[in-house]
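One letter stands for each residue in the lines below.
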Amino acid sequence: MVKLNLPTRPWVPQWLGIVTMFIVIFPITLLNGAYTGSMVEVSNTLGVLSEDITMAYYSASVGMAVAYPIVPKIRTIATPKTLLLTDLLLQIFFSLVCAKTGSMDVIMVCSFCMGFLKAFVMLEFIILIRPLFSPKNVRSEFYAYFYPIVFSGGQLSMAITAQLAYHYQWQHMYYFVTILLLIALLFVICFFRYARRPMHIPFKEMDGRSMFIIATAFLLTLYTFTYGKTLDWFASPKIRVYVFVIPLLIVLFIHRQRTQGKPFVSLKPLFLHKSIIGYGFMCMSMVLAMFLTATSSLVTNYMNSIIRVDSIHANSLSLWLLPGYVVGAVICFWWFRWQRWRFRFLISGGMFCYVIYLAILYFGITPYGTYEMLYLPILFRGVGMMVIFIAFGVFVVEDLDPRLTLSNAFFLISFRSVLAPVLSASFFNNMLYYLQAKGMNILSENMTLTNPLAEQKYNQALSNALAQGHEFGEAGQFAANSLYSTLQQQSLLLALKTLIGYVLILALVIAVIAAFIPFHKTLKVAVVKTGDDMV
């Protein structure tokens, strides 16, 4: 086994130090201030909108993106043990606050802080464990191990949250994660060595104003696109103000980075053609990947309204992404190691996984569809998602100055985990609402008693209601509600088919075009050494 530079006590074997780091990273991958797996239970208990929970959930991604550029500055003044103990203790505190509070504003603030703190543990894990995954320090090999671990944690948290919320209370997920954090805390205390280092926090080097500006811009963007449909977009004074303020904040942020001697992040990665292509493809793939993840209401509506499954099964469906992640990581690992085929075929293959995923959904979503039918497309989505992320994670840093790796990480996280899922969720939710309303209007024109099928369904529902002892007026209302329910189901299916069809065409076009884009002039992709930007 390769020798790792773990900060363990002299008597602790290396394998135990590795186990300690994995025990630390496991609850961190599950951790969030808000869990979408318990969205229904939280909404019912606290009387909040689903948009409130979505806003809190993505606030953690904003916190992580903002924290990443300053992590190396903190690492220079704190030992690994001090950093991990402080981080884990604060995560425990914020988790308990989220479990006890009834205010979504408090949960949003805690979620942002928890995401901010996650960046420190993530980077510490990367630096300490990287030689285990890639002894030769090759980025593609490290990604093939690290990405499935990180992304699988998010899917596991949804399934676990749904189980705990269904059988107990939604707060139990916070208690469960707290227990895991306490175990991790105990392992760090017992097996990591103590060392002193002068504690002088370099506030002047952190550029707190830039952090505040870009965090505010991201959070206002989240608010605008998350609450847009609920507040009727520009009919809301808040959204009108935010739409005006967001560009000003971005311009101010860019101005500060261009004029500061030591900027918060360097803007140079945004002007490199590989970075632009990589960010663009990542955003495009994330829009497709988040079609049924960020816009979980699409699958949730289908499963609840059409095939009628409970929240446990609805959230457990994401577990089928995990084998897809593994397959995608294995493909990328050997693709970059063998170097026998052109890079563009890997990208095209990843996009064709999306095509297969969307095609199965398009032809499989019917009133008589089954829950098991969704397993295979979700698996293909996992393969495509992992291939695209690993491939472009390597591509965008091929010719990048090592000093820009942390700036590159900031932009990657911002595009991949903040902007792409929120923008795609907003777009698809609004399109679903519009198409469903349009479908209701079209279908309702023929839903009259002059239509033999409608008359038969109405009379059947009326007879059933009368047989149950209802008065004629009530029975008529029940029969009318039955027709309305049928209209809702049919309009939902039409909206889903339409949306999936358009995205399927888009994915197919991108997959074909990607096969002809000359990403590299030669056959081989440069072997890129790893840096501190792998989250």
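About the criteria used
Residues numbered from 1 in each chain as written. Predicted model: local features only at pLDDT ≥ 70, side-chain atom pairs only at ≥ 80, totals over all residues. Heavy atoms only, no water. Helix = DSSP H or I, 4+ residues; strand = E, 2+ residues; numbered from the N terminus. Buried < 20%, exposed > 50% of the residue type's maximum accessible area, 1.4 Å probe, protein only. Contact = heavy atoms within 4.5 Å. Areas by Shrake-Rupley, 256 points an atom, 1.4 Å probe, with all protein chains shown as cover. Lys, Arg positive; Asp, Glu negative; His and termini not counted. Salt bridge = Lys/Arg side-chain N within 4 Å of Asp/Glu carboxyl O. Polar contact = N/O pair within 3.5 Å; in protein donor to acceptor, adjacent residues only side chain to side chain. pLDDT = per-residue confidence, 0-100. Phe/Tyr/Trp six-rings, centres within 6.5 Å; stacked < 30°, edge-to-face > 60°. Lys NZ or Arg CZ within 6 Å of the ring centre and 35° of its normal. Axes fitted to C-alpha atoms, helices over the stretch in contact; angles between N-to-C directions. Left-handed = near helix turned anticlockwise from the far one by under 90°. Nonpolar A, V, L, I, M, F, W, Y, C, P; charged D, E, K, R; others polar. Parallel < 35°, antiparallel > 145°, perpendicular 65-115°, else oblique. Patch = residues over 30% accessible without salt bridge, like charges linked within 9 Å, V, L, I, M, F, W, Y side chains within 5 Å.

What follows is about the overall build of the protein chain. Counting secondary structure elements, the protein chain contains 20 helices and 0 strands. The 535 residues of the protein chain split such that 55% are buried. Excluding contacts between residues fewer than 6 apart, the proportion of contacts in the protein chain whose partners are at least 24 apart in sequence is 83%. By element, 66% of the accessible surface of the protein chain is carried by carbon and sulfur atoms, the whole surface being about 24100 Å².

A few words on the side chain of K81. The topology assignment puts K81 in helix α5 (residues 80-100). One buried charged residue, K81, forms no salt bridge at all, with the nearest opposite charge on E124 at 13 Å. At 2.9 Å, the side chain of K81 forms a polar contact with the backbone oxygen of F192. Residue contacts for K81: discarding those within four places in its chain leaves R9, V188, I189, F192, R193 and Y194.

Mean pLDDT over the protein chain stands at 80; residues scoring 70 or higher make up 87%. Within the protein chain, no element has a lower average pLDDT than helix α12 (residues 273-289), which sits at 57, and none a higher one than helix α8 (residues 172-191), at 91. Considering only residues more than four positions removed or in separate chains, one finds that residues 521-525, a stretch of pLDDT under 50, has 12 contacts.

Our focus in this paragraph is the packing of aromatic side chains. If you walk through the whole model with that rule in mind, you get 30 aromatic pairs. Residues F218 and F410 carry aromatic rings whose centres are separated by 6.4 Å and whose planes lie at 35° to one another, so their mutual orientation is tilted. Within this pair, whereas F218 is found in helix α10 (residues 208-227), its partner F410 is found in helix α18 (residues 405-444), the two being separated by 192 residues in sequence. Assigned by exposure class, F218 and F410 land together as buried. Pairing F225 with W233 gives two aromatic rings, centres 6.1 Å apart and planes at 75°, and the pair type is edge-to-face. Each member of the aromatic cluster is reached from another via a ring pair, and the members are F22, F125, F133, F142, Y145, F146, F333 and W334. Over the ring of Y362 we find K497, and its NZ or CZ is 5.0 Å from the ring centre.

Once that is clear, we can look at the environment of L379. By the secondary structure assignment, L379 is in helix α17 (residues 375-395). In this structure, the C-alpha to C-alpha distance between L379 and L317, residues 62 residues apart in sequence, is 9.8 Å.

The next point concerns the packing of helix α3 (residues 50-67) against helix α6 (residues 104-133). α6 packs onto α3 with a crossing angle of 35° between their chain directions and a minimal axis gap of 7 Å. The two elements α3 and α6 cross, and the hand of that crossing is right-handed. Here D52, I53, M55, A56, Y57, S59, A60, V62, G63, M64, V66 and A67 of α3 lie close against α6, whose contacting residues are M104, I107, M108, S111, F112, G115, F116, K118, A119, F120 and M122. The residue inventory of the contact of α3 with α6, partitioned by class, reads 17 nonpolar, 4 polar and 2 charged.

Moving on, we come to the packing of helix α15 (residues 321-338) against helix α16 (residues 343-364). The N-to-C vectors of α15 and α16 enclose an angle of 170°; their axes lie 11 Å apart at closest approach. The angle between α15 and α16 places the two elements in the roughly antiparallel class. Contacts between α15 and α16 pair I331, C332, W335 and F336 from the former with F343, F345 and L346 from the latter. For the contact of α15 with α16, the class distribution of residues is 7 nonpolar, no polar and no charged.

Bringing the environment of L483 into the picture now. On the secondary structure map, L483 appears in helix α20 (residues 472-514). Remark: the alpha-carbon pair of L483 and M447, spanning 36 residues in sequence, is separated by 7.8 Å.

Here we come to a nonpolar patch on the surface. Taken together, the side chains of V326, V330, W334, W338, W341 and F345 present a nonpolar region at the surface, about 590 Å² in accessible area. By the element assignment, W334 lies in helix α15.

Look at D232: it is not a glycine, yet its phi comes out positive at around 65°. Secondary-structure assignment places D232 in the loop between α10 and α11 (237-259). Even without glycine at this site, W233 takes up a positive phi of about 50°. Mapped onto the elements of the fold, W233 is located in the loop between α10 and α11. With a relative accessible area of 23%, W233 lands in the partly exposed category.

Looking now at the side chain of S61. Mapped onto the fold, S61 is located in helix α3. By relative accessible area, which is 17% here, S61 ends up buried. When near neighbours in sequence (up to four residues on either side) are disregarded, S61 contacts I413, S417 and V418.

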